[in-house]
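Architecture at a glance
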Amino acid sequence: MVAVGGSGKVHDHTAEKVHAHSHDPAVQQIYKGHFEDNQVQDRTLSDWAGDWQSVYPYLKDGTLDPVMAHKAESADQSADEYRAYYEIVYRTNVERIKIDGDTVTFFEGEKPLEARYVSDGYEILTYEKGNRGVRFIFKKSDGDADAPEFIQFSDHKIAPEAADHYHLYWGNDRAALLEEVTNWPTYYPSSLSAKQIVEEMIAH
């Protein structure tokens, strides 16, 4: 398995929170990847608890076309160019992920993969554009042999807080995953409709 994300439902409070976009300048700066190292705090899997759906099917069927058009309005790339870019970014065969306690279930094909994970710290990454991000890393403690050894979350947050969406990277090589910056499948609560996901993406 390579870097991927999942799909499914999330707790009601998280679904509601998705709509509560913060206009706090400090929060916006963190979302854009500008923060100090001492602001980063350890997080637990409970921040991503719930049932999550991949947005990749929505890109493929045209549902996200308004999002691509919106991005193109304030950039030097066309909507088609954005669509081609996100075809690589969102690509995944894992359509759903469920996180309950320390157990993560990956739904791909007929047989779900399930494993338990423990925190393995975090890494702060600096990207080419100068902004930064934090990968919160969890290591498999037991479970299905084919389940990934490591999962790494990125959700624009740097301290304990329930996620409203996330990008997930996974595989068996912790260091190699940190080098992955082109494929970051993205997951939103399964409780959200396709229309609501489009609205959330445009709001960001």
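Below, the structure is looked at part by part.

Some remarks on the overall build of the chain
In terms of helices and strands, the chain carries seven helices and eight strands. When each of the 204 residues of the chain is scored for burial, the buried share is 45%. Working note: accessible area of the chain is about 10,400 Å², and carbon and sulfur atoms make up 48% of it.

As for the packing of aromatic side chains
Taken as a whole and judged by the stated rule, the model has 13 aromatic pairs. Ring geometry for Tyr-85 versus Tyr-86: centroids 4.9 Å apart, planes at 85 degrees, classification edge-to-face. Given the relative accessible area of 39%, Tyr-85 is considered partly exposed. When the ring of Phe-106 is compared with that of Tyr-117, the centres are 6.5 Å apart and the planes differ by 75 degrees; the resulting orientation is edge-to-face. With Phe-106 in strand S3 (residues 103-107) and Tyr-117 in strand S4 (residues 113-126), the pair connects residues that are 11 residues apart, well separated along the chain.

Focus: the pattern of salt bridges
In total, this model carries 15 salt bridges according to the counting rule given. A salt bridge links Asp-47 to Arg-43; its shortest N-O distance comes to 2.7 Å. Asp-47 gets classed as buried once you look at its relative accessible area, which sits at 10%. Through salt bridges with shared partners, a single ionic network connects Arg-43, Asp-47 and Asp-155.

Concerning the side chain of Ser-54
Within the secondary structure, Ser-54 sits in strand S1 (residues 50-54). Among the polar contacts listed, one links the side chain of Ser-54 to the backbone nitrogen of Tyr-56, at a separation of 3.0 Å.

Some thoughts on the pairing of strand S6 (residues 150-154)
Of all five residues making up S6, five are buried, and the element is well covered by its neighbours. Burial along S6 is two-sided: Phe-150, Gln-152 and Ser-154 facing one way and Ile-151 and Phe-153 facing the other are all buried. Two elements, strand S5 (residues 132-143) and S6, share four bridges in a ladder whose sense is antiparallel. Its bridge partner lying in S6, Ile-137 is registered against Gln-152. In this structure, the hairpin formed by S5 and S6 is closed by a connection of six residues. By the bridge criterion, five bridges tie S6 to strand S7 (residues 166-171) in an arrangement that is antiparallel. Following the sheet pairing, Ser-154 is matched in S7 by His-167.

Looking at the environment of Gln-29
Take Gln-29: it is sitting in helix H2 (residues 25-31). Along the sequence, Gln-29 and Asn-131 sit 102 residues apart, while their C-alpha atoms lie 9.9 Å from each other.

Things to note about the sheet that holds S5
One closed barrel holds the eight strands; their spatial order is S1-S2-S3-S4-S5-S6-S7-S8, and the pairing between them is antiparallel. On average, adjacent strands in this sheet sit at an angle of 35 degrees to one another, irrespective of strand direction. Strand direction decides the pairing type here: S7 and strand S8 (residues 186-189), joined by two bridges, are antiparallel. Directly across from Tyr-166, in S8, lies its bridge partner Tyr-187.

Calculation rules
- Residues numbered from 1 in each chain as written.
- Predicted model: local features only at pLDDT ≥ 70, side-chain atom pairs only at ≥ 80, totals over all residues.
- Heavy atoms only, no water.
- Helix = DSSP H or I, 4+ residues; strand = E, 2+ residues; numbered from the N terminus.
- Buried < 20%, exposed > 50% of the residue type's maximum accessible area, 1.4 Å probe, protein only.
- Areas by Shrake-Rupley, 256 points an atom, 1.4 Å probe, with all protein chains shown as cover.
- Phe/Tyr/Trp six-rings, centres within 6.5 Å; stacked < 30°, edge-to-face > 60°.
- Salt bridge = Lys/Arg side-chain N within 4 Å of Asp/Glu carboxyl O.
- Polar contact = N/O pair within 3.5 Å; in protein donor to acceptor, adjacent residues only side chain to side chain.
- Pairing = 2+ DSSP bridges.
- Axes fitted to C-alpha atoms, helices over the stretch in contact; angles between N-to-C directions.

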